[in-house]
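Here's the letter readout for the chains.
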Protein chains: 2
Amino acid sequence: MSDFASRMTGSARRLGPLCVGIDPHPGRIPDLFGGDTPDGISRWGRGVVAAAAGRAGIVKPQVGLFERHGPEGMRALQDVCAAAREAGLLVIADAKRGDIGSTAEGYARAYLGVDAPFACDAVTVNPYMGIDTLEPFLREAEANGKGVIVLARTSNPGSADFQAKDMGGAPLYARVVQALAPAIARLMGPSGWSSLMLVAGATGPDEARELRALAPGAPFLVPGYGAQGSGARDALAGFVRRGNRLEGGVVNASRSVTFPASADAAGDMAAWTSAIRAAIDAAQADLVALSGATENAGSVIGG
Amino acid sequence: MSDFASRMTGSARRLGPLCVGIDPHPGRIPDLFGGDTPDGISRWGRGVVAAAAGRAGIVKPQVGLFERHGPEGMRALQDVCAAAREAGLLVIADAKRGDIGSTAEGYARAYLGVDAPFACDAVTVNPYMGIDTLEPFLREAEANGKGVIVLARTSNPGSADFQAKDMGGAPLYARVVQALAPAIARLMGPSGWSSLMLVAGATGPDEARELRALAPGAPFLVPGYGAQGSGARDALAGFVRRGNRLEGGVVNASRSVTFPASADAAGDMAAWTSAIRAAIDAAQADLVALSGATENAGSVIGG
């Protein structure tokens, strides 16, 4: 099996760097799908998958919004992950897990293992407990061609509380990235990118470039594009030129592409799917206009 | 409904400070229960609950070891939580969740909400993303008489990587505890203890006393007692004298009480239950010998 970084880079080259966040917020699931029930979020998530296929390379279900429905919600997550992989999409389970060794093994098997119940391509993890707690995830990733995405700098206001605070001359998030250097090297793939990614919700282009300098080989998962407020230029600030395009990870959009106003008005599935497709195409085009040509398109390079 | 801290303090006064960790490790579930399957871990976990009832006041299922079995594993977690609450035990879901606001709301509802699918009394959470990400948990805890247990200092070797590093004159874990002061005050209950607890895996008595000084009102969830190596004296180092006993939280033991060697040899359920009960009684007695009298016992005070 190929490594995760090669699959991710390949899909970004082909279609653009957009990652479609699948976040079943309470009260937002259209009646078309049965509303906010385990069945409803399963059908809605699979609807998003069907709309995204061929337009984006990667999707990111937000586990907490499935888990709130209990075991049946986790069944819906399983459905959505399976549908996405069948449709040829890469799947990031946004689980933000982290625990001591033996328990981390449980989470690593749940998301990255051979026959993982929540079969995905990569999972997000929290580094607070220390590098040893990431080891079970790294091991499964290495063995099975999966990715591990470590929270470094998140995009919420409270990320300033600890992540941005100085720890002996550099902010905590930089210390996390520095401590990950051996893991980034260990998961380096033939694409020139590692399957150890970083959540890099930079507050501005300077911080994004600083993160890039600290970890030249780690792709970024960039949150905060679209509804959360940042534009394409900010989102791509940590990307680097490779050939005729900017590379460096994926940029997530959730609400702006899965709950666009145009979809609220959709009276049937075809209209809803068209609305989601148009929103995905617009976001992808916005990013590609700056990141440069996809393999199937011309060579317009912005930036 | 009473506040979590009152229920926890009451149970510790009655029975002692032992918390029984329910960690279904792969390869450790006895054949008696059907082995390492969703059904097997459900039956085993409920067996531990039945053995613990009346002997310990609180149990702590380790979510990752259920989640590795997918939705059916989460169903088993649900079974174990329900059985524990029916048996009058308090339940800490050791989930170590954490995410930005809207997703954190999902997790908070999953574990602490009214009609939460994983109905428990408290949940462990990770502070890395910042105080705002804990707010949804605090809100559910306040509304529903639940507890929130924040990772401060964990007991794994890698906890030195970030938690113990200096951040402007104090280690990160101390900065986390300081930042939690308003939340600790907000969840303060009539017992004189807050329903905001801290995971306090102190490496020694000095650090435990430092943590206690930083957060006089926050009960500790102390990991690392028993199989992980520390003795009762270390485990209780952050407890304080109240009346004729030491109070300050609960002390978790998992493997030493749920997988004692005596249980491996048990040929039937009665023998297995006796072995677990004996292990729980021994751990509880070891802790009570130092922490002081339970309400139903004499007034032997060590320490």
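Residues numbered from 1 in each chain as written. Chains lettered and ligands numbered in written order. Predicted model: local features only at pLDDT ≥ 70, side-chain atom pairs only at ≥ 80, totals over all residues. Heavy atoms only, no water.

Looking at the pattern of salt bridges
At step 1: Inspection of every chain in the model, using the stated rule, returns 36 salt bridges over all chains.
At step 2: The partner of Asp281(A) in a salt bridge is Arg55(A), with the nearest N and O atoms 3.0 Å apart. Of the two residues, Asp281(A) sits in helix α13 (residues 269-291) while Arg55(A) sits in the loop between α2 (38-52) and β2 (58-61), which places them 226 residues apart along the sequence.
At step 3: Classification of Asp281(A) as partly exposed rests on a relative accessible area of 33%.
At step 4: Overall, the relative accessible area of 28% leaves Arg55(A) in the partly exposed class.
At step 5: Here the residues in one salt-bridge network are Lys60(A), Asp94(A), Lys96(A) and Asp99(B), joined through shared partners. (Salt bridge = Lys/Arg side-chain N within 4 Å of Asp/Glu carboxyl O. Helix = DSSP H or I, 4+ residues; strand = E, 2+ residues; numbered from the N terminus. Buried < 20%, exposed > 50% of the residue type's maximum accessible area, 1.4 Å probe, protein only.)

What to know about the interface of chain B and chain A
At step 1: Across the boundary between the two partners, chain B contributes 60 residues, which contact 60 residues of chain A.
At step 2: When the two sides are added together, the surface that chain B and chain A hide from each other amounts to roughly 4,600 Å², 60% of it contributed by carbon and sulfur.
At step 3: When the area that chain B buries against chain A is broken down by residue, the three leading residues are Pro71(B), Tyr128(B) and Phe162(B), summing to 19%.
At step 4: Joining chain B to chain A, the criterion identifies 6 salt bridges.
At step 5: Lys96(A) is the salt-bridge partner of Asp99(B), the closest N and O atoms lying 3.0 Å from each other.
At step 6: At the boundary of chain B and chain A, one finds 31 residue pairs in polar contact (both at pLDDT 80 or more).
At step 7: For the side of chain B that touches chain A, the secondary-structure elements that each account for two or more residues are α3 (63-67), α4 (70-86), β3 (90-97), α5 (101-112), β5 (147-153) and α7 (172-179) of chain B.
At step 8: Looking at the side of chain B that touches chain A element by element, the count peaks at 7 residues for α5(B). (Contact = heavy atoms within 4.5 Å. Buried area = accessible area lost by both parts, 1.4 Å probe. Polar contact = N/O pair within 3.5 Å; in protein donor to acceptor, adjacent residues only side chain to side chain.)

Focus on the relation of the copies chain B and chain A
At step 1: Rotating chain B by 180 degrees and moving it 0.0 Å along the rotation axis overlays it on chain A with an RMSD of 0.0 Å. Between the two chains, the operation in question is that of a two-fold axis.
At step 2: In this assembly, 100% of the residues forming the interface of chain B have copies in chain A that are likewise at the interface, indicating an isologous arrangement. (Least-squares fit on C-alpha atoms with pLDDT ≥ 70 in both.)

Focus on α13(A)
Residue and element names in this part refer to chain A.
At step 1: Relative to the 33 Å expected for 23 residues at 1.5 Å per residue, α13 spans 32 Å between its end C-alpha atoms, a close match to the ideal helical length.
At step 2: Those residues of α13 that fall on the buried side of the exposure criterion are Trp-272, Thr-273, Ala-275, Ile-276, Ala-279, Ile-280, Ala-283, Gln-284, Leu-287, Val-288, Leu-290 and Ser-291.
At step 3: Of the residues flanking the start of α13, the one acting as N-cap is Asp-268, its side-chain oxygen 3.3 Å from the backbone nitrogen of Ala-270. (Expected span 1.5 Å × (residues − 1).)

Let's talk about unusual backbone geometry
Residue and element names in this part refer to chain B.
At step 1: One non-glycine residue, Lys-96, adopts positive backbone phi at about 50 degrees.
At step 2: For Lys-96, the position within the fold is in strand β3.
At step 3: We classify Lys-96 as buried; its relative accessible area is 8%.
At step 4: Here the phi dihedral of Asp-115 falls at roughly 60 degrees; this positive angle occurs in a residue that is not glycine.
At step 5: Positionally, Asp-115 belongs in the loop between α5 and β4 (122-125).
At step 6: By relative accessible area, which is 74% here, Asp-115 ends up exposed.

Side note on the packing of aromatic side chains
At step 1: For the structure shown, the criterion picks out 6 aromatic pairs over all chains.
At step 2: Consider the rings of Tyr111(A) and Phe118(A), whose centres lie 5.2 Å apart with planes at 25 degrees: the pair is stacked. With respect to burial, Tyr111(A) and Phe118(A) carry one shared label: buried.
At step 3: With a centroid separation of 4.7 Å and an interplanar angle of 70 degrees, the aromatic rings of Phe33(B) and Trp272(B) are classed as edge-to-face. (Phe/Tyr/Trp six-rings, centres within 6.5 Å; stacked < 30°, edge-to-face > 60°.)

Quick look at the packing of α2(A) against helix α4 (residues 70-86) of chain A
All names here are of chain A.
At step 1: Interaxial distance between α2 and α4 falls to 8 Å at its minimum, and their mutual angle equals 15 degrees. Considered as vectors, α2 and α4 are oriented roughly parallel to each other. Taken as a pair, α2 and α4 cross one another with a handedness that is right-handed. Along its contact with α2, which presents Pro-38, Ile-41, Ser-42, Gly-45, Arg-46 and Val-49, the element α4 presents Glu-72, Gly-73, Ala-76, Asp-79, Val-80, Ala-83 and Ala-84. (Axes fitted to C-alpha atoms, helices over the stretch in contact; angles between N-to-C directions. Parallel < 35°, antiparallel > 145°, perpendicular 65-115°, else oblique. Left-handed = near helix turned anticlockwise from the far one by under 90°.)

It is worth stressing that arrangement in space is one thing and function is another; only the former is reported here.
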